[in-house]
Structure formats: C-alpha cells, structure tokens
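# Reading the structure
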Amino acid sequence: MHIPDGFLDIKTAMISGALAAVGLGVALRKVRQQIPARRVPLIGLAGAFIFAAQMLNFPVAGGTSGHLLGAVLAAVLLGPGAAVIVLSSVLILQCFMFADGGVTALGANLFNMALVAPVVGYGIYRAVSGLVGNSLRGRLCGIAFAAWCSTVAASIACAGQLALAGTVQWSAAFPAMANVHMLIGIGEALITTLVVAALARLRPDLLDEQTEPARPARYGELAAYGLLISIGLAVFIAPFASPWPDGLERVAVKLGFEHKALVTLLGSSPLPDYAVPGLKSVMLSTIIAGCAGTLAAFVLAYVLARFLTPAEAGKRIARARESRP
Amino acid sequence: MNRQLLSPYQHRSSPIHGLPPVWKCAGALIIIFIIVLAPRFAWAVYAGMGGGLVFIALLSRIPPRYLLKRILCLEPFVLGVAVLSLLQADGLYFFLSVLTKSTLCLFSMVLLAGSTPFSELLAVLRRLRVPALLVTTLALTYRYLFLLLEETARMKRARQSRTFTSRRGQAWRSPALVTALLFIRTSERAERVYNAMAARGWRT
C-alpha cells in the first residue's frame, strides 16, 4: 500500500501531508503528556519491533506468503497516540533509508497507514470489546475485527488519494484496492489475534499496561484524530461516492438487462410500473454487499476469539457441577 | 537481507559523500519535486533529470550494480500500483509516464540513502526543529532495527532446528508465537535501554 513518488499530484500530496502532520503533531503532544519517560525507549524499540515483525512470513495458499502490517497490534499494545508515532517512524525510515514509498507521497502514506489504520483500528477495538465484554475473549474479538477494518479502511483511503490525483480512475482503484485488502485483512486479523492471544498467555501484564491509566483523557484525543480522518475521507472519497462511475454503471446496465430478460422469460411482468433505475439498485446492492461482508468479518472475528479462548475455568467447573445429577 | 538494508556504501569518501547533509537532502527533494511536478509527458525533463542523476551516481562512486539492485528490488511495488493506471483511456501513456517518474524518484532516494548515514539525516531533522520525541523514536528504531532483525533470525533458526515436522495448523501459530516472544524481548530490552540511558543522564 506504499504509494511511490509520481503517483500523486501536488494538491493531493499537500492535503494529505497537512492532515498527517497535524495528526502526528497531536500524537506527539499527547504522548509527551501521558506517557512517563520510562516508556519512551519502548516506543522507539517498538518501531524496530514492527519493522522486524513485518519481515516474518506467514504461509498463504499456493506458495505465496503474507506478513503482518502491525497497525492494530501497535495500537493495542501501546495505545493510539504511541501507535501513530511508532508507525510514522517506521514509514519515515522506510521512505528515507530504504526508498520504500515516495517522499512526495510520504504524507499520504502516513495518513493511510500511520493515522487511519491504527486510529480506526483502536476505535473499533475499544467499541467492540466494550460491546462483547472486556474479557480476553471480547478483546480478541475486537482485535480481530479491528485489524480487518483498519486494513480495509486504509486501502480505501489510498484508493481515494490515487483517484483524486487522477493517476488511477476511482472505478478501477476502489474495487481493486478494497477487494484485495478485504482478503489481506483476514490474514492481518488472524495474525494480530494469534500474536495477542500468545502474549496474553505468556505475559498478560504487558497487555494491561497501557489500557488501564488515563482512560478519560483518550476520548479527546480520539475525537481529534476522528476529525482529521473524516476531513481526509471527505476530501479523498466523497467526490467519487455520489456520481457512481462507469465501471459499475456498466454492471448496472448488465443487471438491468438481466432483470428485463428474466421478466420476459416469465412471460408476464408482475409489476409493470416497477422500474428500478439500474444505477440506484447497484449502489444499494454494493452497500448491502459491503454491510454483509463487514458482518461476516465480525462473525468470523467472534468465532476466532471463541476458538482461541477456552471457557473460563470457573464457568467450566460450574457447568460440570450442574451436569452432575 | 540485512546486508541490503545496511547500505554498505554510506561511509565512503567522494565529492558527493563530502557534501553537507542539508545540501544533499535539499538537492534530492528539489530533484524529486521537479520530476513529480513536471507535466505528464515532458519526456525531455525526465531525460535531463535522468542524465543528471547518472552523473551524480558516477561522482558518488557507489557501485552501479548496487544501485541497480536496490532500484530493481523496489520496482515491483511501483509496478503494482502503476498497473492500475492501465485501466483507463490512454492507459499505456499514463503507465509509462508514471513508471518513469517514480523510477527516477527512486533513483534519487537510493542515491541519497546510499551516500548519507542516517545519523546525519537525523541531525538535519533536529535542525529543522522536528519534535525531539519523533527524532528520538526514529533514532532508536534505526539503532535497534538490525539487532531485532538478527534476534528474529536467531529465534527462527532455533525453532526450525527443534521443529521436526510442521503441521498445517502450526504454520501460522509458530510465527505468531515468535512475534509475541519478539515483543516480550523488545519490551524487556527497552527497560534495560531506559536504565542505561537514565544512568547516563538522558531526559526527554
């Protein structure tokens, strides 16, 4: 998802650069206020950790392999502000030392992968684990769902930037990026959850370190990031969302034809005035498909969390007692 | 892998290596901005910039094979995004111009990274009044990156030498376990690093 140089025009680069700079500034300020000096080296080393973890390969079908992206992992282990700084430093290092991701696209890359991914992920993680219950199972479920959502959200922001710059058409960029990253997101969710489950088994104290203190202060911070992200999404994606472009239009025409063909096949039209404008129904079906996909991801996340956390010992004993006559 | 990441030619001496790092950074940025801002089909500008970059590369005495390898390593990522631009009217021209632009920019970044140690880039950032916390994070990330990469490789080797067969379900669990262990080791190391830094009088 690293955008190289030459893919963004000056307007897109400037807007995303400004948004990323403000986001990083907020994160730096908040972390300096909230985190004790003792934890500053951990933030630096966590950057190296994410970098090293991205080099570990996970086998995927057909001889290919994937790797961790780490946005949600960093946000869960260190908190959202620290995660923004850690991921930013990884991206800056990749840009300047390893020429991975462009200099002019650095702002866009920071916005997608160091702001949208961890913050969206952290917000969803908190919301879901609050909803399902703050037990380990609820948290793992939240982490799995958040990892999937954050990957998809970052890819959609990336598609929006490429389309706004005029390099790639939205009708090509959006489905390609979103579809691919819906699959990548499943892998990311699986890896992140497995890592956190292993950590919960080995060193549960490391997981709890950042979640307990300074809870009320987080909301203002999250609101600030949320504002930045929604401005970004409004600029990058809103222009394309309303006039649904040609690729889908073609599908719409096709679907319309099929509808008509079906009607003539049946011989009679049950609702002669029922003229569904093809465009609208496609938009609706896209929205429905998106919702269904998200729901499926959530259910999968819950199943994964159940699978990874055995029923609590107390409950198991109680159940055993009940079953005994 | 580590060899390639380590940019082995940063500490040579040449007219380019000897320039002040601020000039090198500014130069690379100016070149990249000219390439990026050039109109889409200004092939003359690209040719001129390409020639200039080759001249700088010759002056810097970095082996051309190394430069070529680094650029080719990164080209797949560029191609992956560029392919999407084929899917439109006049796609091939868009594709070619975008590819040229980003390859030239890659070239200049590889040259900058190849001739400037990271600590000098950090000094430039510090002079530009980038917040200290970010500079510290960057410095620590770079410093411990290679250490952690080696630690990961050691853990991987240890696991491989102990694991007799790997079952299907294990294929994902064991890298996840390695990652978790790596984080535990990282946080323990961070504690030791903090103690050592505090003992030497470090403050945020």
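Calculation notes
- Residues numbered from 1 in each chain as written.
- Chains lettered and ligands numbered in written order.
- Predicted model: local features only at pLDDT ≥ 70, side-chain atom pairs only at ≥ 80, totals over all residues.
- Helix = DSSP H or I, 4+ residues; strand = E, 2+ residues; numbered from the N terminus.
- Buried ≥ 20, exposed ≤ 12 C-beta atoms within 10 Å, placed from the backbone.
- Contact = placed C-beta atoms within 7 Å.
- Domains from an automatic or database assignment.
- Nonpolar A, V, L, I, M, F, W, Y, C, P; charged D, E, K, R; others polar.
- Expected span 1.5 Å × (residues − 1).
- Axes fitted to C-alpha atoms, helices over the stretch in contact; angles between N-to-C directions.
- Parallel < 35°, antiparallel > 145°, perpendicular 65-115°, else oblique.
- Core = buried A, V, L, I, M, F, W, Y, C linked by C-beta atoms within 7 Å.
- Left-handed = near helix turned anticlockwise from the far one by under 90°.
- pLDDT = per-residue confidence, 0-100.

### What to know about the overall build of chain B
Along the backbone of chain B there are eight helices and zero strands. In chain B, the succession of helices and strands from N to C terminus is α-α-α-α-α-α-α-α. C-alpha atoms of chain B, sized along the principal axes, occupy 55 × 50 × 30 Å. Counting the 204 residues in chain B, one finds 32% classified as buried. Intrachain contacts of chain B at a sequence separation of at least 6 include 76% that bridge at least 24 residues.

### Describing unusual backbone geometry
Residue and element names in this part refer to chain B. For arginine 61, which is not glycine, the phi torsion reads 60 degrees and is therefore positive. As for its position among the elements, arginine 61 is in the loop between helix 3 (43–60) and helix 4 (64–82). Take arginine 61: there are 14 C-beta atoms within 10 Å of it, and that puts it in the partly exposed class. With a phi angle near 60 degrees, arginine 129 is a residue other than glycine that sits in the positive phi range. Considering the arrangement of structural elements, one finds arginine 129 in the loop between helix 6 (118–127) and helix 7 (132–162).

### Focus: the domain arrangement of chain B
Residue and element names in this part refer to chain B. Taken domain by domain, chain B consists of domain 1 (2–123) and domain 2 (131–199). Distance between the C-alpha centres of domain 1 and domain 2: 31 Å. Contact with domain 1, which involves four residues of that partner, is made by six residues of domain 2. Residues belonging to the side of domain 1 that touches domain 2 are distributed by class as follows: three nonpolar, one polar and no charged.

### Focus on helix 6 (residues 136–164) of chain A
Residue and element names in this part refer to chain A. For helix 6, built from 29 residues, the straight-helix expectation of 42 Å at 1.5 Å per residue is met to within 8% by its first-to-last C-alpha distance of 41 Å. Buried residues dominate helix 6, accounting for 27 of its 29 residues. Two residues or fewer after helix 6 comes glycine 166, characterised by a positive phi angle close to 85 degrees.

### With respect to the interface of chain B and chain A
Reports often express the size of an interface as the amount of accessible area lost when the parts come together. Of the residues lining the interface, 60 residues belong to chain B; the matching set on chain A comes to 59 residues. Breaking the side of chain B that touches chain A down by element, the ones donating at least two residues are helix 2 (21–37), helix 4, helix 5 (91–115), helix 6, helix 7 and helix 8 (170–199) of chain B. Of the residues that constitute the side of chain B that touches chain A, the class distribution is 45 nonpolar, eleven polar and four charged.

### So, the packing of helix 6 of chain B against helix 7 of chain B
Residues and elements named next belong to chain B. Running from amino to carboxyl end, helix 6 crosses helix 7 at an angle of 175 degrees, the nearest separation of the two axes being 10 Å. Overall, the two elements helix 6 and helix 7 adopt an arrangement that is roughly antiparallel. On helix 7, the residues that touch Phe118, Leu122, Leu125 and Arg126 of helix 6 are Val135, Leu138, Ala139 and Tyr142. Here the contact of helix 6 with helix 7 is composed, by residue class, of seven nonpolar, no polar and one charged.

### Some words on the nonpolar core
One broad trend across soluble globular proteins is that nonpolar side chains are buried collectively. Counting 153 residues, the largest nonpolar core has Ala74, Val86, Leu87, Leu115 and Ala144 of chain A as the members making the most contacts within it. For this core, the element with the highest residue contribution is helix 6 of chain A, accounting for 19 residues. The residues that make up this core include at least three from each of domain 1 (2–123) and domain 2 (131–199) of chain B. In this structure, valine 86 of chain A is in contact with Ile43, Ala46, Gly47, Ile50, Ala74 and Leu78 of chain A, ignoring residues within four places of it in sequence.

### Some thoughts on the environment of arginine 127 of chain B
Residue and element names in this part refer to chain B. The residue arginine 127 is located in helix 6 in this model. Judged by local crowding, arginine 127 falls into the exposed class, with 10 C-beta atoms found within 10 Å. Remark: the alpha-carbon pair of arginine 127 and valine 22, spanning 105 residues in sequence, is separated by 9.4 Å.

### Some points on the packing of helix 3 (residues 71–78) of chain A against helix 6 of chain A
Describing two packed helices takes the angle between their axes plus the distance from one axis to the other. Residues and elements named next belong to chain A. Contact geometry for helix 3 and helix 6: axes closest at 9 Å, N-to-C directions at 135 degrees. With respect to helix 6, the axis of helix 3 lies oblique. Helix 6 is crossed by helix 3, and the crossing has right-handed handedness. Listed contacts from helix 6 to Ala71, Val72 and Val76 of helix 3 are Ile143, Ala146, Ala147 and Ser150.

### Some remarks on the environment of leucine 73 of chain A
All names here are of chain A. Here leucine 73 lies in helix 3. Sequence spacing of leucine 73 and glutamate 188 is 115 residues, and the spatial spacing of their C-alpha atoms is 9.7 Å. Ignoring anything within four residues of it in the chain, the contact list for leucine 73 reads Leu68, Thr192 and Val195.

### A short note on the environment of threonine 309 of chain A
All names here are of chain A. Of note, threonine 309 is situated in the loop between helix 12 (278–308) and helix 13 (313–323). Taking the C-beta count within 10 Å as the criterion, threonine 309 has 18 such neighbours and is therefore assigned partly exposed. C-alpha of threonine 309 to C-alpha of leucine 140: the two residues are 169 residues apart in sequence and 8.6 Å apart in space.

### Quick look at the confidence of the model for chain A
Where the model shows low pLDDT, its predicted coordinates should not be examined in detail. All names here are of chain A. Summing up the model confidence of chain A, the mean pLDDT is 78 and the portion of residues at 70 or higher is 76%. Looking over chain A, one finds the lowest element-wise mean pLDDT in helix 11 (residues 246–266), namely 42, and the highest in helix 3, namely 92. With pLDDT under 50 throughout, residues 243–279 is counted as low confidence; its partners more than four residues away or in other chains account for 23 contacts.

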